[in-house]
Amino acid sequence: QVQVVESGGGLVQAGGSLRLSCTVSGSVFTIKAMGWYRQAPGNGRELVASITTKGITDVYPNSVKGRFTISRDNANTVYLQMDNLKPEDTAVYYCNTRAGGMNYWGKGTLITVSS
């Protein structure tokens, strides 16, 4: 079974930092990329950042550029460093793994940023 597990969520003050971790285990073959998505109440799921197995990274929303950084230890473990957090960053953050033409999702971790 493929397992995708996020950790590192919680409640923080505006301006604070968090580092999210995602680890993939199980029968995952030919991982192409991993990424972080987020979804706030009433909103769709938004792609935040991605990283390929070659280490090529992208950060997508203009609102998080310069504040969020994606990185990896290996093909199965990625991180999202979140600095200078703002209330609008409040959301459930999901880790995604793309492999073998399929997407594998974690259960999500809640980030709440207070004013």
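Residues numbered from 1 in each chain as written. Predicted model: local features only at pLDDT ≥ 70, side-chain atom pairs only at ≥ 80, totals over all residues. Heavy atoms only, no water.

1. Quick notes on the pairing of strand β9 (residues 91-99)
Most of β9 sits out of view: 7 of its 9 residues are buried. When strand β4 (residues 31-39) meets β9, the two strands line up antiparallel, connected through 8 bridges. If you follow Arg38 over to β9, its bridge partner there is Tyr93. As defined by bridge partners, β9 adjoins strand β11 (residues 109-114) across 3 bridges and the pair is classed as antiparallel. Along β11, the bridge assignment pairs Ala91 with Ile111. Examined bridge by bridge, β9 and strand β10 (residues 102-105) share 4 bridges and lie antiparallel to one another. By the bridge assignment, Arg98 is partnered in β10 with Asn103. (Buried < 20%, exposed > 50% of the residue type's maximum accessible area, 1.4 Å probe, protein only. Helix = DSSP H or I, 4+ residues; strand = E, 2+ residues; numbered from the N terminus. Pairing = 2+ DSSP bridges.)

2. A closer look at the state of the cysteines
For the coordinates displayed, the defined rule picks out 1 disulfide. Put simply, Cys22 and Cys95 are joined by a disulfide, and their sulfur atoms are 1.9 Å apart. Around the S-S axis, the bridge from Cys22 to Cys95 shows a dihedral of about -85° and counts as left-handed. One end of the pair, Cys22, is in strand β3 (residues 18-25); the other, Cys95, is in strand β9, and 73 residues separate them in sequence. (Disulfide = S-S within 2.5 Å.)

3. Considerations on the environment of Ala33
Inspection of the secondary structure assignment puts Ala33 in strand β4. In the structure, Ala33 is positioned 70 residues away from Asn103 in sequence and 9.8 Å away in space, judged by C-alpha atoms. Excluding its chain neighbours within four sequence positions, the residues that come into contact with Ala33 are Ile51, Thr52, Asn96, Thr97 and Arg98. (Contact = heavy atoms within 4.5 Å.)

4. Observations concerning the side chain of Arg38
On the secondary structure map, Arg38 appears in strand β4. One polar contact links Arg38 to Asp89, side chain to side chain, over a distance of 3.0 Å. (Polar contact = N/O pair within 3.5 Å; in protein donor to acceptor, adjacent residues only side chain to side chain.)

5. A few points about the pattern of salt bridges
Tallied over the full model, the rule gives 3 salt bridges. Among the ionic pairs, Asp89 bridges to Arg67, the shortest N-O distance being 2.8 Å. Of the two residues, Asp89 sits in the loop between β8 (77-82) and β9 while Arg67 sits in the loop between β6 (57-59) and β7 (68-74), which places them 22 residues apart along the sequence. Where salt bridges share partners, they join Arg38, Glu46, Arg67 and Asp89 into one cluster. (Salt bridge = Lys/Arg side-chain N within 4 Å of Asp/Glu carboxyl O.)

6. A closer look at the sheet that holds β3
Spatially, 4 strands are ordered β1-β3-β8-β7 in an open sheet, and the strand pairing comes out antiparallel. Looking at the sheet topology across the chains shown, the edges are occupied by β1 (3-7) and β7. Strand-to-strand twist in this sheet, taken as the mean axis angle between neighbours without regard to direction, amounts to 15°. (Axes fitted to C-alpha atoms, helices over the stretch in contact; angles between N-to-C directions.)

7. Observations concerning the pairing of β11
Residue alternation in β11 divides its side chains into a buried set, Thr109, Ile111 and Val113, and an unburied set, Leu110, Thr112 and Ser114. One ladder, built from 4 bridges, connects strand β2 (residues 10-13) with β11; its direction is parallel. Residue pairing across strands places Gln13 opposite Ser114, the latter belonging to β11.

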